[in-house]
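Commentary on secondary and tertiary structure
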Amino acid sequence: GVDKSKEEHMEVVKTFSKRLKIAMLFSDLNQKELAEKANITPASITAYTQGTKNPTMETLVRIADVLNISTDWLCGIENNGYRRNSDEIIGEWVKS
């Protein structure tokens, strides 16, 4: 059979990639700007949005901080990860 943990890992990578793109869209940041603010390379952001590379925990925290979202939301652990009340609607939109 298929290795379940590998399957779950791929699901997390897909969710992270999708949610990162959504968060960047709502933050009005392109890959270069996010990379600059989070102090990582634009190539890394590209790899994350394409799902070909995973960030380290430290990088994940920096990205979430710049985008003002929770790491749990980015990884698909929770559905409403926006920390700002005014953005709760975004969390609701993402769920649908």
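An account of the accompanying structure is given in this report. In this text, all values refer to a predicted model and were calculated from it rather than measured experimentally.

1. Some remarks on the environment of G76
Its location among the elements puts G76 in the loop between α5 (71-74) and α6 (88-95). Taking the C-alpha atoms as reference points, G76 and R19, 57 residues apart in sequence, are found 7.9 Å from one another. Setting aside residues no more than four positions away along its own chain, G76 makes contact with T15 and R19.

2. So, the pattern of salt bridges
Following the criterion strictly, the structure yields two salt bridges and no others. Here E36 ties to K32 by a salt bridge, and the two come within 3.5 Å at their closest N and O atoms. Taken together, the positions of E36 and K32, both in helix α2 (residues 31-38) and four residues apart, correspond to about one turn of that helix. Classification of E36 by relative accessible area gives exposed; the value is 58%.

3. Examining the environment of K37
With respect to the secondary-structure elements, K37 resides in helix α2. Discounting residues that sit within four places of it in the chain, K37 has contacts with L29 and V66.

4. Notes on the packing of α2 against helix α4 (residues 57-67)
Contact pair α2 / α4: the axes reach a minimum separation of 9 Å and the direction vectors enclose 115 degrees. When the axes of α2 and α4 are compared, the pair comes out roughly perpendicular. The two elements α2 and α4 meet at a crossing, and its hand is right-handed. Together, L34, K37 and A38 of α2 and R62, I63, V66 and L67 of α4 make up the contact between the two elements. In terms of residue class, the contact of α2 with α4 is made up of five nonpolar, no polar and two charged.

5. Structural notes on the side chain of S17
When you line up the elements, S17 lands in helix α1 (residues 4-27). Classification of S17 by relative accessible area gives buried; the value is 6%. Non-local contacts of S17, meaning those with residues more than four positions away in its chain, are made with Y48, T49, Q50 and G51.

6. Observations concerning the packing of aromatic side chains
Within this structure, the stated rule accounts for one aromatic pair. For the ring pair F16 and Y48, a centre distance of 6.1 Å and an interplane angle of 70 degrees mean the geometry is edge-to-face. Of this pair, F16 sits in helix α1 while Y48 sits in helix α3 (residues 42-50), and the two are 32 residues apart along the sequence. Accessibility expressed as a relative area gives 3% for F16, which makes it buried. Classification of Y48 by relative accessible area gives buried; the value is 3%.

Rules and cut-offs
Residues numbered from 1 in each chain as written. Predicted model: local features only at pLDDT ≥ 70, side-chain atom pairs only at ≥ 80, totals over all residues. Heavy atoms only, no water. Helix = DSSP H or I, 4+ residues; strand = E, 2+ residues; numbered from the N terminus. Contact = heavy atoms within 4.5 Å. Salt bridge = Lys/Arg side-chain N within 4 Å of Asp/Glu carboxyl O. Buried < 20%, exposed > 50% of the residue type's maximum accessible area, 1.4 Å probe, protein only. Axes fitted to C-alpha atoms, helices over the stretch in contact; angles between N-to-C directions. Parallel < 35°, antiparallel > 145°, perpendicular 65-115°, else oblique. Left-handed = near helix turned anticlockwise from the far one by under 90°. Nonpolar A, V, L, I, M, F, W, Y, C, P; charged D, E, K, R; others polar. Phe/Tyr/Trp six-rings, centres within 6.5 Å; stacked < 30°, edge-to-face > 60°.

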